[in-house]
Amino acid sequence: MRRKIHSTYYMFIYLSIILIGLAFIIDTPAEIFIGFKKILFESNILITDYMELAGIGAAFINMALVVLASIFLLVFVGIKPNGSTVAALFTMAGFSLFGKNIVNIWPIVLGIWLYSRYQKEKFINYVLIALFATTLSPTVNELSFIGHLPFYGNVLIGILLSTFIGFIFPPLATYCLKLHQGYNLYNIGFAAGLLATLLMSFLRAFGINTENRLLWSTGNNLMFFVMLFTLFTTMIVVGYLQNGKSFKDLLRLYKKPGRLVSDFYLLFGRGITMVNMGILGIYSTLFVLIIGGDLNGPTIGGILTIVGFGAFGKHLRNVFPVMVGATLSSLLNIWQINSPSLVLGILFSSTLAPISGQFGWFYGVIAGFLHICLTMNLAYLHGGLNLYNNGFAGGIACIILIPIITAFRKERE
Amino acid sequence: MKHTDQRNIKIVTELMGYCYKHGSDNVHIDVNKENEKIIIFIRAQTSVITKKNLEHLEKALNTPRCHEMEEYYWNLTGDNDTYTELTLVGMMIDEAHINYVDEEYLELLLTRIP
């Protein structure tokens with residue numbers, strides 16, 4: 001095994017250092033310390049915006065630490081960067097603003113490492129699943145610190161149960177791909193949704209329930225817009241330069257349906273992939289602002305996840321129809337379009353981008369429309385323990401839609 | 001590694017699907033296990049393969065070997081009749097040689113070490 005910090009990983013390391021610097025400019029060390037304690041020891045279930053819970057500084061520090069820890073894992077196992085690792089790192093970064101923290105991710109990772117030992121295989125084969133599977137990290141906090149369990153040893157039980165979840169997770173994640181045939185990009189969200197539904201059903205059967213939670217910060221749109229716009233513009237410029245000062249292959253990339261496995265990083269190279277990611281970032285940031293949403297932990301998390309999957313299946317052409325369908329649904333349904341769940345639902349509806357990429361914009365709009373209806377009903381099932389709730393909804397939407405679409409659409413010869 | 005035979009079957013299914021999609025009605029398949037290696041040879045009669053198709057095939061099947069991607073995504077190969085997962089096949093094999101003999105027979109020789 002050859003351990004090397006590849007240049008792509010250095011980019012994430014620089015970004016983390018900038019985040020740490022920004023944290024200390026925005027908040028004082030004392031504020032960061034108090035906030036960080038809240039992140040570590042309070043409930044992290046959906047929707048817990050760390051910026052509201054702990055302040056922007058503490059949220060940025062947590063984000064930097066989670067990204068650095070993820071890079072440490074990838075470098076430690078000796079994995080080379082590709083579309084999937086880039087997507088995983090951005091997803092880790094995004095969700096470290098609302099649910100994943102530097103402590104609660106480890107029991108799940110440990111469980112998956114134990115699984116790799118049990119199967120007598122190298123951990124490198126499971127490290128991607130391990131990073132994405134931290135979607136179930138809130139389970140650790142929920143069982144360890146919230147006092148649901150009626151006896152001492154909550155922390156131990158929380159950690160052991162989360163480790164066990166990690167241990168049984170990899171086969172479930174692999175199996176779930178068969179169910180939606182790769183049309184749901186957030187596959188782990190689907191697998192985790194099923195597992196968390198089982199776990200929550202079990203806990204509820206014994207009188208343990210999670211309370212509804214909504215922590216949602218507002219009023220920072222201008223500051224975050226400037227930060228995000230700077231980041232994404234930089235990505236486009238760097239990508240343009242790395243791609244031989246051209247946008248060559250961008251149109252070829254747009255022609256890809258985006259179904260799993262579409263590794264743009266390996267297929268087209270880092271340069272044009274970064275351009276695609278930057279464009280998606282600017283587009284989704286503007287989308288949030290146009291529908292009247294707030295830029296905060298969860299929505300920035302959503303935007304970063306879209307950007308990450310810009311290396312692994314998403315591009316403007318396949319994302320746009322699905323998000324239009326989701327927006328249309330939000331305008332017509334009984335909920336406010338700029339309410340937290342709907343803004344997140346619209347952003348994460350892009351998990352179904354491969355449907356529009358493969359079958360055309362019309363089916364993409366329908367998928368996005370139905371995705372919103374599903375996502376508003378599913379969070380109850382897992383009690384907010386699965387951070388990728390939209391991946392769960394996307395998986396179910398695919399299981400229903402894909403057989404119907406393939407059965408009734410006219411095949412193009 | 002679990003499901004090794006199943007993975008080999010899926011690779012073959014995926015490539016057979018590719019041949020069918022490119023107008024072949026006549027596909028011969030040889031799969032040999034030699035020590036730790038699995039050698040897959042496919043010969044398909046088809047006269048519609050373009051230069052662009054060949055370039056795409058060559059590039060996809062020569063995607064760098066990625067054990068971690070195989071472990072997670074192998075279930076997706078050979079599972080869809082509207083889309084090919086050639087890049088994923090590329091990640092699951094160690095070597096690929098492609099020949100288009102007399103512009104009538106497409107020959108694929110793949111080596112895989114699980």
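Residues numbered from 1 in each chain as written. Chains lettered and ligands numbered in written order. Predicted model: local features only at pLDDT ≥ 70, side-chain atom pairs only at ≥ 80, totals over all residues.

Regarding the environment of Leu-198 of chain A
Residue and element names in this part refer to chain A.
And step 1. Tracing the sequence through the fold places Leu-198 in helix H10 (residues 187–205).
And step 2. Overall, Leu-198 belongs to the partly exposed group, with 13 C-beta atoms counted inside 10 Å.
And step 3. Along the sequence, Leu-198 and His-382 sit 184 residues apart, while their C-alpha atoms lie 7.7 Å from each other. (Helix = DSSP H or I, 4+ residues; strand = E, 2+ residues; numbered from the N terminus. Buried ≥ 20, exposed ≤ 12 C-beta atoms within 10 Å, placed from the backbone.)

Focus: the confidence of the model for chain B
And step 1. Confidence along chain B averages 89 in pLDDT terms, with 96% of residues attaining 70 or more.
And step 2. Scored by ipTM, the complex comes to 0.85, with pTM at 0.93. (pLDDT = per-residue confidence, 0-100.)

Overview of the packing of helix H9 (residues 154–180) of chain A against H10 of chain A
Residue and element names in this part refer to chain A.
And step 1. Interaxial distance between H9 and H10 falls to 8 Å at its minimum, and their mutual angle equals 120°. The angle between the axes of H9 and H10 places the two elements in the oblique class. Taken as a pair, H9 and H10 cross one another with a handedness that is right-handed. Residues Ile-165, Phe-169, Leu-172, Ala-173, Cys-176, Leu-177 and His-180 of H9 form the contact with H10, whose own contacting residues are Asn-187, Ile-188, Phe-190, Ala-191 and Leu-195.
And step 2. Taken together, the residues of the contact of H9 with H10 break down into 10 nonpolar, two polar and no charged. (Axes fitted to C-alpha atoms, helices over the stretch in contact; angles between N-to-C directions. Parallel < 35°, antiparallel > 145°, perpendicular 65-115°, else oblique. Left-handed = near helix turned anticlockwise from the far one by under 90°. Contact = placed C-beta atoms within 7 Å. Nonpolar A, V, L, I, M, F, W, Y, C, P; charged D, E, K, R; others polar.)

A few points about helix H2 (residues 51–61) of chain B
All names here are of chain B.
And step 1. Among the residues of H2, those classed as buried are Leu-57, Ala-60 and Leu-61. Along the axis of H2, the buried residues cluster in a sector spanning 90°; they form a single face. Residues of H2 that are exposed and point more than 90 degrees away from the buried face comprise Lys-51, Lys-52 and Glu-55.
And step 2. Structurally, H2 contributes buried residues whose contacts are with helix H4 (86–92) and strand S3 (95–101). (Arc of directions from axis to C-beta.)

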